[in-house]
Amino acid sequence: MPAVRIRRRKAVALASAAVLAGLAVPALTPATAGASAPAPEAPAAQTAAAVADYYEDAEGKTGDDLRAALNSIISDQTKLSYSAVWDALKDTDEDPSNSGNVILLYSGVSRSKSLNGGDTGDWNREHVWAKSHGDFGTSTGPGTDIHHLRPSDVQVNGVRGNKDFDNGGSAVANGGGSLTDSDSFEPRDAVKGDVARMIFYMAVRYEGTDGWPDLEPNGSVNNGSAPYIGKLDVLKAWNEQDPPDAFEQRRNDVIHESYQHNRNPFIDHPEWVESIW
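Residues numbered from 1 in each chain as written. Predicted model: local features only at pLDDT ≥ 70, side-chain atom pairs only at ≥ 80, totals over all residues. Heavy atoms only, no water.

Undergrad: What is the right way to look at the overall build of the chain in this model?
TA: Regarding its fold elements, the chain presents nine helices and eleven strands. Burial analysis of the chain (277 residues in total) assigns 57% to the buried set. The long-range fraction of contacts in the chain, counting pairs at least 24 apart against all pairs at least 6 apart in sequence, stands at 68%. Surface accessibility of the chain: about 10,900 Å² in total, with carbon and sulfur atoms responsible for 49%. (Helix = DSSP H or I, 4+ residues; strand = E, 2+ residues; numbered from the N terminus. Buried < 20%, exposed > 50% of the residue type's maximum accessible area, 1.4 Å probe, protein only. Contact = heavy atoms within 4.5 Å. Areas by Shrake-Rupley, 256 points an atom, 1.4 Å probe, with all protein chains shown as cover.)

What follows is the structure in structure tokens.
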């Protein structure tokens, strides 16, 4: 990874700028996991100046120009194999109050890292941008990009399937408050913004220029195998309603520092969603 250059200039105010090193971590309960609880320290928590420098080429840009600049920045990444994703998620999604566990995305449950697999009671690798939406599978690329891969309970993940995101539906069993109907899935309130920002990352990272589909959020559900996922207006609202918390920020830092060496710009700058969409 190229060394991040630290410059003597005023840092841009970023949501992820808070340095997590040295902060005491209060106890986290499964009921609040993924909400506003502090997270474990990243290997090298990013300073405001370092994060600002990462986005230097995007400064002052809006709309399509901002999108193009961000694509160029975040496309410089290290790619993981699908098997390597298991160990990466055990780090990125570690329970702040129990280093032997991970926090499951949709349910908020803390579960042993060792229970990764495909059986009832296990957690598996959830593609938040469903891999059938663009049919990119699990080959190295969008199918292994851990910015949108999260631990999820096997059964809850099965309920979500490849549904688009929208509001409404019936309660998902053991889903932590998630809802679903025949054609959509609504995650629990504490991670609605997380889900939205992962979708926006994927749309900017994968523009159809590197052999992968051109991914894009749209205003529909039932997108099937097309490289689209909805609903855009709902995802934008979720980004506003649930801003990045310490867990999400720490996750972004860990991915950047230790795994893919790129960032999700919408965690660092959630206001860029409105500028692009």
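Undergrad: What is the right way to look at the packing of aromatic side chains in this model?
TA: Any pair of aromatic rings gets described here by the distance separating the centres and the angle formed by the planes. Here the structure, examined in full by the defined rule, presents eight aromatic pairs. Look at Phe200 and Phe266: their rings are 6.2 Å apart centre to centre, the planes differ by 65°, and that puts the pair in the edge-to-face class. Taken as a pair, Phe200 in helix α5 (residues 192-205) and Phe266 in helix α8 (residues 265-268) lie far apart in primary sequence, 66 residues in all. As far as burial versus exposure is concerned, Phe200 and Phe266 are alike and both buried. Pairing Phe200 with Trp277 gives two aromatic rings, centres 4.6 Å apart and planes at 35°, and the pair type is tilted. Separated by 77 residues along the polypeptide, Phe200 in helix α5 and Trp277 in the segment after α9 (272-276) bring together distant segments of the chain. Neither residue differs from the other here; Phe200 and Trp277 are each classed as buried. Among the aromatic residues, those joined into a cluster by ring pairs are Tyr54, Tyr55 and Trp272. (Phe/Tyr/Trp six-rings, centres within 6.5 Å; stacked < 30°, edge-to-face > 60°.)

Undergrad: So what exactly am I meant to see when it comes to the packing of α5 against helix α6 (residues 232-241) here?
TA: The description of two packed helices rests on the angle between their axes and on the distance between the axes. Where α5 meets α6, the closest approach of the two axes is 7 Å, and the angle between their N-to-C directions is 125°. If you check the angle between α5 and α6, you find them oblique. Our pair here, α5 against α6, has a crossing hand that is left-handed. Every residue of α6 that contacts α5 at Lys192, Gly193, Val195, Ala196, Arg197, Ile199 and Phe200 is listed here: Leu232, Leu235, Lys236, Trp238, Asn239 and Gln241. For the contact of α5 with α6, the class distribution of residues is seven nonpolar, three polar and three charged. (Axes fitted to C-alpha atoms, helices over the stretch in contact; angles between N-to-C directions. Parallel < 35°, antiparallel > 145°, perpendicular 65-115°, else oblique. Left-handed = near helix turned anticlockwise from the far one by under 90°. Nonpolar A, V, L, I, M, F, W, Y, C, P; charged D, E, K, R; others polar.)

Undergrad: Explain the side chain of Glu216 here, please?
TA: Among the structural elements, Glu216 can be located in strand β10 (residues 216-218). A distance of 2.9 Å separates the side chain of Glu216 from the side chain of Trp277, its partner in a polar contact. Residues in contact with Glu216, not counting those within four places in the same chain, are Arg67, Trp129, Ala203, Pro227, Tyr228, Ile229 and Trp277. (Polar contact = N/O pair within 3.5 Å; in protein donor to acceptor, adjacent residues only side chain to side chain.)

Undergrad: Explain the pattern of salt bridges to me, please; I cannot follow it from the model alone.
TA: Where charged atoms from two side chains of opposite charge come close, those side chains can pair. Going through the model one piece at a time under the given rule, you end up with 17 salt bridges. Note that Arg263 is salt-bridged to Asp268, the shortest N-O span being 2.8 Å. Across this residue pair, the class does not change: Arg263 and Asp268 are buried. A cluster of three or more residues bridged by salt bridges with shared partners is formed by Arg67, Glu207 and Glu216. (Salt bridge = Lys/Arg side-chain N within 4 Å of Asp/Glu carboxyl O.)

Undergrad: Honestly, the environment of Ala84 in this entry has me stumped. Any pointers?
TA: Along the chain, the position of Ala84 falls in helix α3 (residues 82-92). In this structure Ala84 comes out as partly exposed when scored by relative accessible area, which is 31%. For the pair Ala84 and Thr144, spaced 60 residues apart in the sequence, the C-alpha separation amounts to 8.7 Å.

Undergrad: What is the right way to look at the sheet that holds strand β2 (residues 98-103) in this model?
TA: Strand pairing in a sheet relies on backbone hydrogen bonds. The paired strands run either parallel or antiparallel. Sheet architecture is open: three strands sit in the order β1-β2-β3, paired in antiparallel fashion. Whereas interior strands pair on both sides, the edge strands pair on one side only; in this sheet they are β1 (94-95) and β3 (110-112). (Pairing = 2+ DSSP bridges.)

Undergrad: Even after reading the chapter, I still don't get the nonpolar core, so can you show me in this structure?
TA: Note on soluble globular proteins: their nonpolar side chains tend to be buried together. Counting residues in each nonpolar core, the largest one holds 40 residues, and the members touching the most others are Leu70, Tyr106, Val128, Phe165, Phe200, Phe266 and Trp277. Elements with a contribution of two residues or more to this core: α1 (48-54), α2 (63-74), α5, α6 and α9. At nine residues, α5 tops the list of elements feeding residues into this core. Leaving out residues up to four positions away in the same chain, Leu70 has contacts with Tyr55, Ala58, Val204, Pro265, Phe266, Trp272 and Ile276. Counting residues in each nonpolar core, the second largest holds 13 residues, with Leu80, Leu104, Ile146 and Val254 among its members. (Core = buried A, V, L, I, M, F, W, Y, C linked by side-chain atoms within 4.5 Å.)

Undergrad: How do you make sense of the sheet that holds strand β9 (residues 184-186) when you look at a structure like this?
TA: Pairing in this open sheet of four strands is mixed, and the strands run β6-β9-β8-β7 from one edge to the other. Here the strands that pair on one side only, and so sit at the sheet edges, are β6 (164-165) and β7 (170-171). Bridge analysis of β6 against β9 gives two bridges, and the strand direction is parallel. The partner of Phe165 across the bridge, within β9, is Phe185.

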